[in-house]
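Secondary and tertiary structure notes
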Amino acid sequence: MKELLDRLVEGSSLLQAVPRGLVYTTGILLACSGVLLLVSLFAGEIVWMERRISGRMQARIGPNRVGPQGLLQFLADGVKLLAKEDVIPSSADRGVFVIAPYIVFAGVFAAFAAVPLGAGLVPADLPFGLFYVLAITSVEVVGVIMAGWASNSKWSILGTMREVAQVISYEMPLAISALTVAVLAGTLNLTDIVAQQSGWVWNWWVFRSPATFVGFFLFFTAALAALKRAPFDLPEAESELVAGFHTEYTGFRFAIFFLAEYAGMFLFALLTAILFCGGWHLGVPVDLTSGLARAAGFLVLFLKACAFLFVMIWVRWSLPRYRVDKVMYLCYKVLLPWSVVALVVAALQVLLTGGR
Amino acid sequence: MSGSEPVPAVPAVPGVVAPATPPVVDASELSSLVGQSLRTEELVVNMGPQHPSTHGVLRVVIKTDGEVVTALQPHIGNLHRCAEKIGESLPYYQWLPYVDRMDYLAAINNEHGACLAIERLGGIVVPERAEYVRLILAEVQRVASHIFAMGVYGLDIGAITPFLHTFRERERGLDLLDHIAGGRLLYHVVRIGGVKRDLSPEWIDECHAFLDAVERRLPEYNALLLDNHIFQERTCGIGVITGKQAVAWGVTGPALRASGVDWDCRRDAPYGIYDRFPFEVPVAPSGLAGTVGDCFHRHWVRFKEVEQSISIVRRALRALPPGEIMAKLPKTFKPPKGEVFVRVENPRGELAYYAVSEGAEKPWRMRCRGPSFSNIAVVTEIAPGTLIADLVALMGSLDIVLGEVDR
């Protein structure tokens, strides 16, 4: 980012007159707005995608009126939610109640800073990108606790208890199964991890080692639980807890929760594609890392993410919901031991073969 | 109804497998772990009257320790519409539309019972064809009601898609009744002395098509629910009502048969012409997944009953005799002095009518015994000790209709 801005300043006499700090700040703000716009747009379209696919699965049509095939439905929904009354319960802790949705959204949104969308198409190419992404998404839990506590509603508190227990538990198998790739790849940089998967489809991490093959399924399952997607949607189980932690939220604050949820889905679909399924590599030896081919690479990554999103939606609309203690059982007695085994196998593989 | 004192977590009847309950950590134990005293308290939550899984306006006050329900009390009456009192203040003819509104998912069955009671009181003989039409309509209604219950149960468990799939077929069943009666839910087509409208040959063809469609779709519903691993985990061994408890609490219908009690009014105390169509009463066998009397078995019994009802309707359609559909009745109907008790098998259980005539135009007493009312009462004994999610699964599997609980 800094180099890009430096180059820009050197190329223009007008910018040289402006203090360098102001240029950096403006540049970063502009880049952030761009990513924010992109993420919000995708989140909105994922909502549309989910509604259309679920409609097809349920013998209905789904939204098809706003824009071509209903593509702009999320805009109409957003406008509707903006026009709603902003209800804050009288017994709520006002300040906390108001900022909670933004913290939830910030947690998800900040993760996108380190997620590459194509070769070089990354706001901040961190050397420890994978750790950063897994860590920053945990901030979401803080926002949810704030929302549930500040609402001062019994259903919200029950939902928050479930959410906190579930998300914190599932972060362990999630991180450990992601580490199987990191151990074998020898790096935490997401761009490097993708670069190692160029060439044929068997170079993708999911096919390169039994550890990563198992890790792929563990990661995806744990991601479903960490995202609170069905069959693990207990924190907002509408037939049990009304709406869980966002029971008391209305209008645009509710929309922010909603947006964060779908942005989170997009994030984890991207991560699964990047870590295990070749990122922007097509699976055949075609170079999609330079020049205009990068756009094609972005498209490839996007399509892979869409495939994972489809699986998430498919699962949600076919399966019943797990019970709260069964969810914990699955985490601590199934996913966690298996992910540790996968990690140990990956480590042994590195030890024995030198990482080849 | 029992008082609000907590009921023991595990029912003290031998042979009951207690529902899987996660261990509850004692507050003192926690305090010793943390090294300081912790203040814990039970949370009293009002589930309803506006709650997605109370199936109407039921309010259940639950005491919870975390997620575990320690005691609960259903509060009913939000939908009370004086159905019985209205029955006592109207001429016999005019009460029937009110009966529809008790169990609005099985209006035909309600009408059927009310008409049977009043006809027996007045000594009216119903024409042969009318008896067939009544039976056919009642069983079509039962199919529609049961597949609806199966879908809605999916909704309670967290599966949304089966609900819309069962709704599609149910709607065809309601269309059939609509063509006869002119209304989707409330028909007023079974009248004292017969039925209002006759079945046309086109209707019979349509009815066959509907039955074929439901039969074809049943394996699909089961693929989504009964055979689903998560569904089985959520329902097997949950909310076990033993046969003894079921009889003691007056539980009837699919819930009773799911507890292993072999009783169906249509076979064991036949009314109408049910004795001419022998059918198999599905009773929960012990070989299925889970424990006899749990939520899984209640769902399974409903699925089996749909199959049986389909076969009854098919045979009745084939045997449908020609003739009148309405008996000759006087303009003012004054049954002689006397009392009568009639029970019929509703989709939700046994619906009974007790009518007392003093020889006047209006009955002296009209009493209904609703199955949902008795079935919901049993949760006070079964639910304590289970999780909130299990409570939802239990209440959903009893398939209550609040319109009839409150009447």
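Scroll up a little and you will see the structure.
Residues numbered from 1 in each chain as written. Chains lettered and ligands numbered in written order. Predicted model: local features only at pLDDT ≥ 70, side-chain atom pairs only at ≥ 80, totals over all residues. Heavy atoms only, no water.

Things to note about the overall build of chain A
Our working rule: The secondary structure listing takes helices from DSSP runs of H or I that are at least 4 residues long and strands from runs of E that are at least 2 residues long, numbered from the N terminus. A radius of gyration in this sense is built from C-alpha atoms; the matching globule rule multiplies 2.2 Å by the number of residues raised to 0.38. Residue burial is assigned from relative accessible area. The probe radius is 1.4 Å, only protein chains are included, and a residue is buried under 20% of its type maximum, exposed over 50%, and partly exposed in between. What makes two residues a contact is simply this: any of their non-hydrogen atoms within 4.5 Å. Only the protein chains shown count as cover for residues, with accessible areas throughout obtained via the Shrake-Rupley method and a probe of 1.4 Å. The charge count includes Lys and Arg as positive and Asp and Glu as negative, but it does not include His or the ends of the chains. Here the site of a charge means atom NZ of a Lys, CZ of an Arg, CG of an Asp or CD of a Glu.
Assigned secondary structure in chain A consists of 15 helices and zero strands. Its C-alpha atoms give chain A a radius of gyration of 21 Å, within 12% of the compact-globule value 21 Å for 356 residues. In terms of overall dimensions, chain A has a C-alpha envelope of 60 × 55 × 40 Å along the principal axes. Out of the 356 residues in chain A, the part that is buried amounts to 52%. Taking the intrachain contacts of chain A between residues at least 6 apart in sequence as the baseline, contacts between residues at least 24 apart amount to 74%. Of the roughly 15500 Å² of accessible surface on chain A, 72% is carried by carbon and sulfur atoms. Averaging the coordinates of the 25 positive side-chain charges in chain A and doing the same for the 22 negative ones gives two points 6 Å apart.

Quick word on the packing of helix H3 (residues 20–57) of chain A against helix H4 (residues 73–83) of chain A
All names here are of chain A. The following threshold applies: For helices, the fitted axis covers only the stretch in contact; all axes are lines through C-alpha atoms, and the angles between them, taken along N-to-C directions, range from 0 to 180 degrees. Throughout this description, any angle smaller than 35 degrees is read as roughly parallel, any larger than 145 degrees as roughly antiparallel, any in the 65 to 115 degree range as roughly perpendicular, and the remainder as oblique. For this classification, the nonpolar set comprises Ala, Val, Leu, Ile, Met, Phe, Trp, Tyr, Cys and Pro, the charged set comprises Asp, Glu, Lys and Arg, and every other residue, Gly included, is treated as polar.
At a minimum axis separation of 8 Å, H3 and H4 run at an interaxial angle of 105°. The angle between the axes of H3 and H4 places the two elements in the roughly perpendicular class. Between H3, through Leu41, Gly44, Glu45, Trp48 and Arg51, and H4, the contact on the second element is made entirely by Gln73, Phe74 and Asp77. Each residue belonging to the contact of H3 with H4 can be placed in one class, and the counts come to three nonpolar, two polar and three charged.

Quick notes on the nonpolar core
Rule in force here: The nonpolar core is taken to be a set of buried Ala, Val, Leu, Ile, Met, Phe, Trp, Tyr and Cys residues, with the residues joined through side-chain atoms within 4.5 Å.
Residues A:Phe112, A:Tyr170 and A:Leu275 are the most contacted members of the largest nonpolar core, which totals 95 residues. Looking at this core element by element, the count peaks at 16 residues for helix H13 (residues 251–276) of chain A. Aside from chain neighbours lying at most four places away, what touches A:Phe112 is A:Val35, A:Val39, A:Pro123, A:Ala263, A:Phe266, A:Leu267 and A:Leu270. One finds B:Leu96, B:Val133, B:Ile238 and B:Phe303 within the second-largest nonpolar core, a separate group that totals 85 residues.

Quick notes on the pattern of salt bridges
Charged atoms that come close allow side chains of opposite charge to pair. Applied cut-off: Whenever a carboxyl oxygen of Asp or Glu lies within 4 Å of a side-chain nitrogen of Lys or Arg, that contact is scored as a salt bridge.
In this structure the tally under the stated criterion is 36 salt bridges over all chains. Each of B:Glu139, B:Arg142, B:Arg257, B:Asp264, B:Arg266, B:Glu305 and B:Glu345 takes part in a single network of salt bridges with overlapping partners.

Some thoughts on the sheet that holds strand S8 (residues 365–369) of chain B
All names here are of chain B. Which entries qualify depends on this criterion: For two strands to be treated as a pair, DSSP must find no fewer than two bridges joining them.
In space, the three strands of this open sheet follow the order S6-S7-S8, with antiparallel pairing throughout. Looking at which strands have only one partner, the edges of the open sheet turn out to be strand S6 (338–346) and S8. Ignoring strand direction, the axes of neighbouring strands in this sheet form an average angle of 10°. Sheet topology note: the S6/strand S7 (residues 349–357) ladder contains nine bridges and is antiparallel. Its bridge partner being in S7, Val340 is matched across the sheet by Ala355. On top of the sheet, helix H3 (residues 92–100) reaches S7 and S8; it is set at about 155° to S7, its chief contact.

A word on the sheet that holds strand S3 (residues 68–75) of chain B
Residues and elements named next belong to chain B. Overall, antiparallel pairing links the three strands, which are arranged S1-S2-S3 in an open sheet. Each edge of the sheet is formed by a strand with only one pairing partner; in this case those strands are strand S1 (43–47) and S3. Along the sheet, successive strands turn relative to each other by an average axial angle of 20°, direction set aside. Here strand S2 (residues 59–65) runs beside S3; their pairing, made up of seven bridges, is antiparallel. Along S3, the bridge assignment pairs Arg59 with His75.

Overview of the packing of aromatic side chains
What counts is decided by this rule: Only the six-membered ring of Trp is used, alongside the rings of Phe and Tyr, when aromatic pairs are assigned; centres must lie within 6.5 Å, and planes under 30 degrees apart are stacked while those over 60 apart are edge-to-face, with the rest tilted. Placement of a charge over a ring requires the Lys NZ or Arg CZ to be within 6 Å of the ring centre, with the centre-to-atom vector within 35 degrees of the ring normal.
This structure, assessed with the given rule, holds 30 aromatic pairs over all chains. Centre to centre, the rings of B:Trp95 and B:Tyr353 are 6.1 Å apart; their planes meet at 90°, and the pair counts as edge-to-face. One end of the pair, B:Trp95, is in helix H3; the other, B:Tyr353, is in strand S7, with 258 residues separating them in the sequence. Among the aromatic residues, ring-to-ring pairing joins A:Phe213, A:Phe216, A:Phe217, A:Phe219, A:Phe220, A:Phe268, A:Phe276 and A:Phe308 into one connected group. When the ring centre of A:Trp205 is taken as reference, the NZ or CZ atom of A:Arg208 above it lies at 4.0 Å. Here B:Arg407 stacks its cationic end above the ring of B:Phe373, 5.8 Å away from the centre of that ring.

A few points about empty space enclosed by the protein
Residues and elements named next belong to chain A. Rules: Think of a 1 Å grid over just the protein atoms. A cavity is a set of points where a 1.4 Å probe fits yet cannot get out, a pocket is an open set with protein on both sides within 12 Å along at least five of seven lines, and lining residues have an atom within 4 Å of a point. Grid points are joined across faces, edges and corners, and a volume is the space filled by probe spheres set on the points.
Going through the model one piece at a time under the given rule, you end up with four cavities of 30 Å³ or more. Considered as a void within the structure, the largest cavity measures approximately 140 Å³ in volume. Broken down by secondary-structure element, the contributors of at least two residues to the lining of the largest cavity are helix H8 (154–185) and H13. Tallying contributions element by element places H13 first for the lining of the largest cavity, with five residues. By volume, the second largest cavity is sized at about 50 Å³. Taken together, Val104, Glu140, Lys228, Glu236, Phe245, His246, Phe257, Phe258, Ala260 and Glu261 make up the full set of residues lining the second largest cavity. The element that contributes the greatest number of residues to the lining of the second largest cavity is H13, accounting for four residues. Classifying every residue of the lining of the second largest cavity by side-chain character gives five nonpolar, one polar and four charged.

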